[in-house]
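For reference, the chains in residue letters:
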Amino acid sequence: MGVPELSIGQYYPGHSLLHRLDPRPKLIFVFIYVILIFFANNAASLLWMGSIVLGALAISRIPPTVLLKGMKPVFWLLLLLAAMHLFLTREGPVLFRWGWFAVYDEGARQAVIISARLLFLISISSLLTYTTRPMDLTFGLEKLFAPLKRFRVPVGELSLMMSIALRFIPTLMEEADKIMKAQMARGADFESRNLASRARSLLPLLVPLFVSSFHRAEDLAMAMEARGYRGEEGRTRFRQLAMRRADWFMLLAALPVSLILFLLRTW
Amino acid sequence: MDIIIQELTHIYKPGTAFERIALKDVSLKIASGSYVAIVGHTGSGKSTLIQHLNGLLRPTRGRVQIGQIEITSQKSNLQQLRRFVGMVFQYPEHQLFEETVEKDVAFGPKQLGWPEELVRQSVMQAIELVGLKREMLTRSPFALSGGERRRVALAGVLAMRPKILILDEPTAGLDPRGRQEILALIKRLHQEERLTVIMVTHSMEDAARYAEQIVVMKEGQLLIAGTPEEVFAREELLLAAGLALPEPARLVKELNERLATPLPLCMTVDELEKEILARLVKEGV
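Nothing here was measured: the structure is a model prediction, and the numbers come from that model.

### Details of the pairing of strand S8 (residues 196–200) of chain B
Residue and element names in this part refer to chain B.
For step 1, the next point in the chain: Of all five residues that make up S8, five are buried, and the element is covered over most of its length.
For step 2, the next point in the chain: Alternating positions in S8 separate into two faces, Thr196, Ile198 and Val200 on one and Val197 and Met199 on the other, with burial throughout.
For step 3, the next point in the chain: Bridge analysis of strand S3 (residues 35–40) against S8 gives four bridges, and the strand direction is parallel. Bridged to tyrosine 35 within S8 is valine 197.
For step 4, the next point in the chain: Relative to S8, strand S7 (residues 164–168) is paired through five bridges, and the arrangement is parallel. Among the inter-strand pairings, leucine 165 is bridged to a residue of S8, identified as valine 197.
For step 5, the next point in the chain: A crossover links S7 with its parallel partner S8, the connecting element being helix H6 (residues 176–192), and its sense is right-handed.

Set out below in structure tokens:
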């Protein structure tokens, strides 16, 4: 009952090495990893990329069940993608035939590769958000994109917008949970199976949620102005980021990871 | 409908880093037709406790029985239960969503599947109970004042004709007059409609003035439950729970330090007024 728990993108508190790292090298490493994963095209290279996820998971000391639970929503997407490759690719020798329906060698190979890539990709990015506070993440992004300021991209404002959005996700969830409970106490049924009546039943939840969000936005704008916010220009930071040895190590780790991958993959 | 709570324990998000024990072995009996105030510091488990009374939360361990309906960690008939137990949340006006007051108040009865005539009747009755004028029925709830909106929300719960009314800080954020009106309204519902009233409140004065029974919560556990006299006799327990005696009682205690013949410990302003007047008459002032 209540609002389903959002586990993708949620911070999972801890004190591991990964938690303590500077967000910038983590972001860059994940970015490189995400590109590299599309070069992994055989068993050896996939195993190598998988072992990196497992290693990161071990260092983060996040319970594997947490990661698996967070994957639940994407599990069906994974299955669908795998099934499409399995059934729709018609290349190579036939592995298996049943009436009009056949599985080809290339299809099976594609299904495995695609689902493994997607699985690793989601795992590594989940690990990033599990081990990095949303505020640190946006601050890291802001720093990384800072050079774009020269081209008049409002990097600071964009990052502030992102932090505010992230900041209010839990608040909105809590609010939604409260309103949902209040309406359930009045006999509202949010668990109806019928799609049309289910959509209609969301109205008592969405209308109050929108009303309160607008109020909240107005209050926030007022409070920010009262505290002297005048845009990002000339704004300083209380918290500063500093690269330490472990942070440089994390950044440089991308090098051997890519090298080994390129040695293992089939060209 | 008596309410029986037995060894109720509730744990939020068990098995994760966010695990938190909100209620621990709470046992409590609330007789049908009584007026109970639940007091406690922020985070003492008051809200968690009352959410068990209409099945919005399920016990992690223990059980809650309301009349013949039992709520345990297993599935049970909640739709039935919610018809009898009306729940008014904090800032209930935040749950209004319909275009007109009438439609909003009718939401609950309609969900119960009542015939149209009965729905209309209960809406009228509820609007009258909370003291709103009939002209308001066609207005948008968002165009009303804060106090009026709260009444509309209250009417929305009353229209379902509950036997038990649970209120989570019903006067929060209202001005003094609005507070008095809402509290007087709840008292009337208790006396005239014979509703069982369970009210969570921060105000020891309101608890002393209106409740027949007071339940004090501390860190998820039941600290003490009893009549106002019994509870306020244990000042040290209240202080330990981060609470204080009602203001009139504190005034009497300070006065008594300077008086030769002490005044009896009064819990409400009215009582205190009577005592002081009697004293003045006796001493011939």
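### A short note on the sheet that holds strand S9 (residues 213–218) of chain B
Residue and element names in this part refer to chain B.
For step 1, the next point in the chain: Spatial ordering of the open sheet is given by S6-S7-S8-S3-S9-S10, a layout of six strands whose pairing is mixed. Sheet topology places strand S6 (85–88) and strand S10 (221–226) at the edges, where each strand pairs with a single neighbour. For this sheet, the mean inter-axis angle between neighbouring strands, taken without regard to orientation, is 15°.
For step 2, the next point in the chain: In this fold H6 packs onto S3, S7 and S8, with an angle of close to 155° to the strand it touches most, S8.

### Brief notes about the interface of chain A and chain B
For step 1, the next point in the chain: The interface is formed by 17 residues belonging to chain A together with 18 residues belonging to chain B.
For step 2, the next point in the chain: Of all the elements in the fold, those that place two or more residues in the side of chain A that touches chain B are helix H7 (155–185) and helix H9 (203–226) of chain A.
For step 3, the next point in the chain: Sort the elements by how many residues they give to the side of chain A that touches chain B and H7(A) lands first, with seven residues.
For step 4, the next point in the chain: The class makeup of the residues in the side of chain A that touches chain B is eleven nonpolar, three polar and three charged.

### Brief notes about the UniProt feature "transmembrane region" (unreviewed entry) in chain A
Residue and element names in this part refer to chain A.
For step 1, the next point in the chain: Within this numbering scheme, the UniProt entry marks residues 27–54, 74–90, 111–131 and 246–264 as carrying the feature "transmembrane region" (unreviewed entry).
For step 2, the next point in the chain: As a span, residues 74–90 carries 88% helix and 0% strand, and end to end its C-alpha atoms are 26 Å apart.
For step 3, the next point in the chain: The distance from the first to the last C-alpha atom of residues 246–264 is 27 Å, and the span holds 100% helix and 0% strand.

### Describing unusual backbone geometry
Most peptide bonds take the trans form, and the phi angle of most residues other than glycine is negative.
For step 1, the next point in the chain: At Arg61(A), a residue that is not glycine, the phi angle is positive and equals roughly 55°.
For step 2, the next point in the chain: Its place among the elements puts Arg61(A) in the loop between helix H3 (43–60) and helix H4 (64–88).
For step 3, the next point in the chain: Classification of Arg61(A) by C-beta neighbours within 10 Å gives partly exposed; the count is 14.
For step 4, the next point in the chain: With a phi close to 45°, Glu7(B) is a non-glycine residue in the positive phi region.
For step 5, the next point in the chain: Within the element layout of this structure, Glu7(B) appears in strand S1 (residues 3–12).
For step 6, the next point in the chain: Exposure remark for Glu7(B): the 12 C-beta atoms within 10 Å place this residue in the exposed category.

### Here's the deal with the confidence of the model for chain B
Residues and elements named next belong to chain B.
For step 1, the next point in the chain: On average, residues of chain B score 89 in pLDDT, and 99% of them are at 70 or above.
For step 2, the next point in the chain: Confidence, read as mean pLDDT per element, is least for helix H2 (residues 78–84) in chain B (81) and greatest for S8 (95).
For step 3, the next point in the chain: Overall fold confidence (pTM) sits at 0.73, and the ipTM for the predicted complex is 0.82.

### Some remarks on the packing of helix H6 (residues 134–145) of chain A against H7(A)
Residue and element names in this part refer to chain A.
For step 1, the next point in the chain: Look at H6 against H7: their axes get within 9 Å of each other, and the N-to-C directions meet at 165°. When the axis of H6 is compared with that of H7, the two are roughly antiparallel. Of the two elements, H6 crosses H7, and the hand of that crossing is right-handed. Touching Pro134, Met135, Thr138, Leu141, Glu142 and Phe145 of H6 are Val155, Gly156, Ser159, Met162, Ser163 and Leu166, all from H7.

### Examining helix H10 (residues 247–256) of chain B
The α-helix advances 3.6 residues per turn, and as a result positions three or four apart in sequence lie on the same side.
All names here are of chain B.
For step 1, the next point in the chain: Burial in H10 covers these residues: Pro248, Ala249 and Val252. The buried residues of H10 occupy one face: seen down the axis, they fall within an arc of 100°.
For step 2, the next point in the chain: Residues of H10 that are buried sit in contact with helix H8 (228–232) and helix H11 (269–282).

### Considering the packing of helix H2 (residues 23–36) of chain A against helix H5 (residues 105–131) of chain A
Residue and element names in this part refer to chain A.
For step 1, the next point in the chain: Across the interface, H2 lies against H5 with an axial gap of 10 Å and an inter-helix angle of 175°. Here H2 is positioned roughly antiparallel relative to H5, judged by the angle of their axes. Facing Lys26, Val30, Tyr33 and Val34 of H2, the residues of H5 in contact are Leu121, Ile124, Ser125 and Leu128.
For step 2, the next point in the chain: Partitioned by chemical class, the residues of the contact of H2 with H5 number six nonpolar, one polar and one charged.

Scoring rules and cut-offs
Residues numbered from 1 in each chain as written. Chains lettered and ligands numbered in written order. Predicted model: local features only at pLDDT ≥ 70, side-chain atom pairs only at ≥ 80, totals over all residues. Buried ≥ 20, exposed ≤ 12 C-beta atoms within 10 Å, placed from the backbone. Helix = DSSP H or I, 4+ residues; strand = E, 2+ residues; numbered from the N terminus. Pairing = 2+ DSSP bridges. Right-handed = clockwise from strand over helix to strand, strands pointing away. Axes fitted to C-alpha atoms, helices over the stretch in contact; angles between N-to-C directions. Contact = placed C-beta atoms within 7 Å. Nonpolar A, V, L, I, M, F, W, Y, C, P; charged D, E, K, R; others polar. UniProt positions renumbered as here; feature names shortened; annotations may be inferred. pLDDT = per-residue confidence, 0-100. Parallel < 35°, antiparallel > 145°, perpendicular 65-115°, else oblique. Left-handed = near helix turned anticlockwise from the far one by under 90°. Arc of directions from axis to C-beta.

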